[in-house]
Structure formats: structure tokens, C-alpha cells
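Take a look at the letters that make up each chain.
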There are 2 protein chains.
Amino acid sequence: MVKKIPKPSLARLPKYYQVVTSYLNRKNEKYISSSYLSDCLNIDDSQIRRDLMYIEIGGIPRVGYDAKELRDVLADYLGYFNLNEAILVGVGNLGTALAEYKGFERYGLSIVGLFDSDPEKIGNLVGNLKVDNIENLEQVIKKFNIKIGIITTPARYAQQIAEKMIKANIKAIWNFAPVTLDIDEDIFIQDENLAENFSFISHYLKETEPEKE
Amino acid sequence: MVKKIPKPSLARLPKYYQVVTSYLNRKNEKYISSSYLSDCLNIDDSQIRRDLMYIEIGGIPRVGYDAKELRDVLADYLGYFNLNEAILVGVGNLGTALAEYKGFERYGLSIVGLFDSDPEKIGNLVGNLKVDNIENLEQVIKKFNIKIGIITTPARYAQQIAEKMIKANIKAIWNFAPVTLDIDEDIFIQDENLAENFSFISHYLKETEPEKE
DNA sequence: TAGATTGTTAATCGATTAACAATC
DNA sequence: TAGATTGTTAATCGATTAACAATC
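- An unreviewed UniProt entry annotates chain A as Redox-sensing transcriptional repressor Rex of Candidatus Mcinerneyibacterium aminivorans.
- Within the UniProt record for chain A, the comment given under Sequence similarities (unreviewed entry) is "Belongs to the transcriptional regulatory Rex family."

**Observations concerning the interface of chain B and chain A**
Item 1. Counting residues at the interface gives 56 residues for chain B, matched by 56 residues for chain A.
Item 2. Taking both sides of the interface into account, the surface hidden between chain B and chain A amounts to around 5,300 Å²; carbon and sulfur atoms contribute 64%.
Item 3. Put simply, chain B and chain A have three salt bridges between them.
Item 4. Connecting chain B to chain A are twelve residue pairs in polar contact (both at pLDDT 80 or more).
Item 5. Taken together, the elements giving at least two residues each to the side of chain B that touches chain A come down to helix 1 (7-26), helix 2 (34-41), helix 4 (67-78), helix 5 (93-100), strand 8 (172-175), strand 9 (188-191) and helix 8 (194-208) of chain B.
Item 6. When residues of the side of chain B that touches chain A are assigned to their parent elements, the largest contribution, 14 residues, is made by helix 8 of chain B.

**Details of the pattern of salt bridges**
Item 1. Taken as a whole and judged by the stated rule, the model has 13 salt bridges over all chains.
Item 2. The salt bridge partner of K15 of chain A is E196 of chain B, with a shortest N-O separation of 3.0 Å. Of the two residues, K15 of chain A is situated in helix 1 (residues 7-26) and E196 of chain B in helix 8; the pairing between them involves two chains.
Item 3. Relative accessible area serves as the criterion here: at 24%, K15 of chain A is assigned to the partly exposed category.
Item 4. A salt bridge links D51 of chain B to R12 of chain B, with the nearest nitrogen and oxygen atoms 2.7 Å apart. With a gap of 39 residues between them, D51 of chain B in helix 3 (residues 45-54) and R12 of chain B in helix 1 connect regions that are remote in the sequence.

**Concerning the nonpolar core**
Item 1. Among the nonpolar cores identified, the biggest contains 53 residues, and L13, Y16, I32, L70, L114, I150 and W174 of chain A are the most heavily contacted of them.
Item 2. Here this core takes eight residues from helix 1 of chain A, the largest share from any one element.
Item 3. Both of domain 1 (7-77) and domain 2 (84-197) of chain A provide at least three residues apiece to this core.
Item 4. With 51 residues, the next largest nonpolar core counts I201 of chain A together with L70, L114 and V131 of chain B among its residues.

**Quick notes on the relation of the copies chain B and chain A**
Item 1. With an RMSD of 0.0 Å, the fit of chain B onto chain A corresponds to turning through 180° and sliding 0.0 Å along the axis. Such a turn and shift between the copies fits a two-fold axis.

**Quick look at the UniProt feature "binding site: NAD(+)" (unreviewed entry) in chain A**
All names here are of chain A.
Item 1. According to UniProt, the "binding site: NAD(+)" (unreviewed entry) feature falls on G90, V91, G92, N93, L94 and G95.
Item 2. Relative to the elements of secondary structure, G90 occurs in the loop between strand 3 (84-89) and helix 5 (93-100).
Item 3. In contact with G90, other than residues within four places in its own chain, are G95, F115, D116, T152 and T153.
Item 4. By the secondary structure assignment, V91 is in the loop between strand 3 and helix 5.
Item 5. By relative accessible area, V91 is classed as buried at 5%.

**Thoughts on the packing of aromatic side chains**
All names here are of chain A.
Item 1. Per the counting criterion, the structure on display carries 16 aromatic pairs over all chains.
Item 2. Between the aromatic rings of Y80 and Y107, the centroid separation amounts to 4.8 Å while the plane-to-plane angle is 85°, which identifies the pairing as edge-to-face. Highlighted residues: Y80 in the loop between helix 4 (67-78) and strand 3 and Y107 in the loop between helix 5 and strand 4 (109-116), separated in sequence by 27 residues. Summarising the burial analysis for this pair, Y80 and Y107 share the class buried.

Cut-offs used in this document
- Residues numbered from 1 in each chain as written.
- Chains lettered and ligands numbered in written order.
- Predicted model: local features only at pLDDT ≥ 70, side-chain atom pairs only at ≥ 80, totals over all residues.
- Heavy atoms only, no water.
- UniProt positions renumbered as here; feature names shortened; annotations may be inferred.
- Contact = heavy atoms within 4.5 Å.
- Buried area = accessible area lost by both parts, 1.4 Å probe.
- Salt bridge = Lys/Arg side-chain N within 4 Å of Asp/Glu carboxyl O.
- Polar contact = N/O pair within 3.5 Å; in protein donor to acceptor, adjacent residues only side chain to side chain.
- Helix = DSSP H or I, 4+ residues; strand = E, 2+ residues; numbered from the N terminus.
- Buried < 20%, exposed > 50% of the residue type's maximum accessible area, 1.4 Å probe, protein only.
- Core = buried A, V, L, I, M, F, W, Y, C linked by side-chain atoms within 4.5 Å.
- Domains from an automatic or database assignment.
- Least-squares fit on C-alpha atoms with pLDDT ≥ 70 in both.
- Phe/Tyr/Trp six-rings, centres within 6.5 Å; stacked < 30°, edge-to-face > 60°.

Spelled out as C-alpha cells, the structure:
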């Protein structure tokens, strides 16, 4: 790790990837400038240039960045070229939505196993995967050397599922359950709390419409 | 707006709410301290006290914060007591998952209308709502004075749906389509880009396992 | 009182933005 | 050359953390 990229910069890279990809699809231009990206994303242009320095792509003064090269460097840096296999626990609505979503493949994510504890669900076909018994979780993770676990269970089961995953040597957890997992090991946790994110909207509306005061 | 709360502070408030809620359920204590919250969430305790100052709740030195009061002040501040009605456009897997998810009610979100353009879907019952024709979107938003629009369509439709919503006077958009909406009006946009967030995991794994170099 | 926790200031840290020299 | 855009430094801004007086 030479110069670690700041989290906010890392968070912007997928946006650059999105813009440069659609730019390549729509236009027939070889180069893309930081000011173009800036206009599309409402991000300061010098910040964009700075972010791009972290991923060590060189632009050409007066011309811009080679669009194809930029796209590929971003994709590589973000790991989109890797095949990341994940298993998912909790085949409710959200779990099903994720399992059936085709868009992840482009980002290097492939969900290869589904688990649930509900006998009604075990054996069902979701996407093109058979829902497996949660009992087999550790075994499957180990057997296929899976690195990523996705948790879409109700909140109260999340902690114990996380612990099982970690025991089986998972490296990263994508947690959709609305709890803060209590983990000591050096595991990467990406929390995705939809209800929590709704708070931003809720608070905004409350602030701008004090009609019920 | 007296002293605007910083975004990072606002983002932490739902976490405090979560912890204090489960604290009240599990323990029989009247007070909760910043150091307790700090331990649960791995957030610096003085930062917690600072955040709580923004929402103007007073603690008692040597004792802590009144837990019930804290919970309620947080809920009020975040708008959880309000009833926020929303309509959702795009009844695919993700849209269905959101429509059927019961957990939003607690946060003041109620999805009251579903729209799609697919004749196969229109008329279907999802959750306990009938999927309506997208043609009726503006009319329904106006009639019921809906403030929140949820977009779960494929990326290419998101911009035009957003524009329709805004024309009908929506105030906030919760956007699950993987595009940056181009909006001039003073509308609150909350982007939720799952594939994008997966990038954090993907990049982490790439960094920690350079086995394929 | 002694001890513990809040409330708040000051110091630190890190990210963003402005500016401009370097460069093709 | 003139003009435009990158690369990078310095200035600014804002958030986090440390410290500690106030307080019950």
C-alpha cells in the first residue's frame, strides 16, 4: 500500500467509471476531460484530477484522458475484472432481488449460493440457484473458498450468520440487515442500511415543511 | 435553519437511534452514556456528545442521557413520527422487495402506489397494492400530494421518470437506478447504487489478495 | 466529598478547492 | 505560437479528536 486512497475518493471512482462508460458508448471521441466529468457529476474538476492521480493514470495536458484507458484502469482498480463469488443468506424479498439482479456481473460479482433456514424455502429455485439449508453454509464456503458473504436476513439473525461466515473464512461481508455487526477479526464490512438511508429524505422533508408545527 | 447539522453527523443519528432502541428493549436502565454508544458503534465518545448537541438534547453530567428522551428526540429529528407517503416506479425484483418490506413503517415511510409500464405487470397485486399504469403517475402524485418518489426502474428510464415526478411536484427522490440524475430544480436526491457500493468490497479484496499478479 | 459524565473549546487531521506552472 | 488541459502545490474549509472545566 503506497499511498492509500481516501475513502471519499474511492467512492467517486465508480461514478467516473459510469460516466466514461456511457461517454464511450455515445460519443466517438478518444479523450475525455476532467471538466467534462465535472459537469456530469457536479464534482470539482481539480478534485477529479486529484482522484485520478491516486489510480495512477496519466492524462495529456491540453487533450484530456484517454477514455478507453481511463475506463479500463478504473475497472481494474475497482476490481471489476475479477470474478468475485459470493454466497447470500436470507432469501426473502431483498435476497431474491439481489440473487436475480443481472447488473452485478458487470462489477465482478457473482452470487453462487443461496441459504435460508426456512424449510418452505429450502430447495426452491431462485434465479437459477437452489436454496440450500443454512446448516451447509460453512461447508460450502470452505469447499469453494468463497470470499464474500451477503446477509439479507432479519436483523436478529445477522450477528450469528456473520460469525458463521467468519468461522468459515469469509473475507468480506455485505450486510443488509439493519444492525451494526460486532466483529473483532479483520473482516471488511460494507453496511447497506436502506431504512437508515431513508432518514436523509425523511429529515429533509421535515426540515423544509414545518407545516405541522 | 439555525446551525445546520453536518452530513456525517446526520448519518450517525440513525445509528444512535438503533442502539438506544435496542438498549431500551433489553435493559432496564433510565440513562445511557456517550461512552456506551461509543463502545457499540466504534465512534469517538466526544463526537457522539457533539452530534447530540446538534439535536439539542441535554444530558446529565455524571449520569448520562435519558434514554427514552434520547430515542424520541432522535426519532422526531429524523422524521420517524411523520407519515411519509411515497410512490414507487419500476416493479421489478428490487421494487417488489421494497414494496413488500415491512420495516419501513417504523421510519415513517409508507409506499402507497406502484407504477410500471409493462402491461404484464399492470394490475398485479404486489404487497397489498395494485400496480398502476405509469401513464397515471403524475395524476396520482398530484391528487394525493405525494412528496417522495422511489425509482427502481432500469437505468435508461430513470431520468425521464424523475422528470415526470418533478413535474408533478415531488419533493424528494430515492433513486435506485445506477445513474446520476440530471436535475436543476431544488429536489432532494438520495442515490442508492448497490452495484457501486459493491465496489468497496471488490477493491478491498483486490488489494488484500494480489495472488493473481 | 469524590467520581463520573457532560458540554465545549482548542488542536489536529484530512479533504476540498483555488491557483497556476508545466506541457502538448 | 496561442490555447487548453493536466499535474501539483498551497490555502481553505470542515470534521474529528483531545482535553478539561463544569456539574450533578
